[in-house]
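The chain contents come next:
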Amino acid sequence: EVIQDLDGIVLRDDPGVGALTFDVVVANILIGPLMKLAPVLSLACKIGGRLCLSGLRVENVEAIENEYSRYGIVFDQRATQIHQQWRPGAEGEGEWAQISGTKRKLSDAERKTLSAAFSDGAVGDRN
């Protein structure tokens, strides 16, 4: 089982292992899961590491950037592509985006504000 706190991802099965963070974190999923996973994906990225998100509709990029910025991600790259012909019946037509950014260190005030988000459910304290 994996739990999450403001220091990163922690494996509950092995309390001797510290927080796991990574140089690069990549996710290619739709906006719903990306919004729900913002704490996990952002905090899995080490300070100075890169986070790349794709599978985004262009109209959702601003919401994603705002949510992930709460967790220290500063987006600095964006690529878009228009898909005009897609599989019949699929919802893939339109303009899609990929964004990437760098993880910055959270201030003490930011960490304190976010700590409440880690008090229950899928995200918990490291105890």
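Heads up: the structure comes first, above all this text.
As a starting point, this report considers the structure included with it. In this numbering scheme, every chain counts its residues from 1 along its sequence in written order. Side-chain atom pairs in this predicted model are given and counted only at pLDDT of 80 or more, local residue features only at pLDDT of at least 70, and totals for whole chains, interfaces and linings cover all residues. Side-chain metrics rest on all non-hydrogen atoms present in the structure, leaving aside hydrogens and water.

1. Describing the packing of aromatic side chains
Here a pair means two rings of Phe, Tyr or Trp (six-membered ring of Trp) with centres within 6.5 Å. Their orientation is stacked below 30 degrees between planes, edge-to-face above 60, and tilted elsewhere. Using the criterion set out here, one finds one aromatic pair in the structure. With 6.4 Å between their ring centres and 70° between their planes, Y68 and F75 make a pair best called edge-to-face. Each residue is assigned to one of three classes by its accessible area relative to the maximum for its type, calculated with a 1.4 Å probe on protein chains only: buried under 20%, partly exposed between the two thresholds, exposed over 50%. Note on Y68: relative accessible area 0%, which makes it buried.

2. Description of the pattern of salt bridges
We count a salt bridge whenever a side-chain nitrogen from Lys or Arg sits within 4 Å of a carboxyl oxygen from Asp or Glu. If you walk through the whole model with that rule in mind, you get five salt bridges. Linking R50 and D76 is a salt bridge whose minimum nitrogen-to-oxygen distance equals 3.0 Å. Here R50, found in strand 4 (residues 45–57), pairs with D76, found in strand 5 (residues 73–83); they are 26 residues apart in sequence, far enough to count as distant. Owing to a relative accessible area of 25%, R50 belongs among the partly exposed residues under this scheme. Under the DSSP-based scheme used, a helix requires at least four consecutive residues in state H or I and a strand at least two consecutive residues in state E, with every element numbered from the N terminus.

3. Quick word on the side chain of S100
As for its position among the elements, S100 is in strand 6 (residues 94–103). For S100, the side chain forms a polar contact with the side chain of R50, separated by 3.2 Å. Only heavy atoms enter the contact rule, under which two residues are in contact if any of them lie within 4.5 Å. Setting aside chain neighbours within four positions, we find S100 in contact with R50, L51, C52, F75, D76 and Q77. Each polar contact in these results corresponds to two N or O atoms within 3.5 Å; when the atoms are within protein, one needs to be able to donate a hydrogen and the other to accept it, and residues that are neighboring in sequence are counted only if both atoms are side-chain atoms.

4. Overview of the sheet that holds strand 3 (residues 22–28)
Ordered in space as 3-4-6-5, the four strands form an open sheet in which the pairing is mixed. With partners counted over all chains shown, the strands left at the sheet margins are strand 3 and strand 5, one partner each. Going from strand to strand, the sheet's axes swing by 10° on average, the running direction of each strand aside. Axis lines are fitted through C-alpha atoms, for helices just across the contact stretch, and the angle between N-to-C directions can take any value from 0 to 180 degrees. On the sheet, helix 3 (residues 61–69) packs against strand 4, strand 5 and strand 6 and is oriented at approximately 160° with respect to strand 5. Any two strands between which DSSP finds at least two bridges are classified as paired.

5. Looking at helix 3
Those residues of helix 3 not exposed but buried are V61, I64, E67 and Y68. Down the axis of helix 3, the sector holding all buried residues measures 130°, keeping them to one side. Buried residues along helix 3 sit against helix 1 (31–36), helix 2 (38–44), strand 4, strand 5 and strand 6. Think of it as the arc spanned by the lines of direction from the helix axis to the C-beta atoms.

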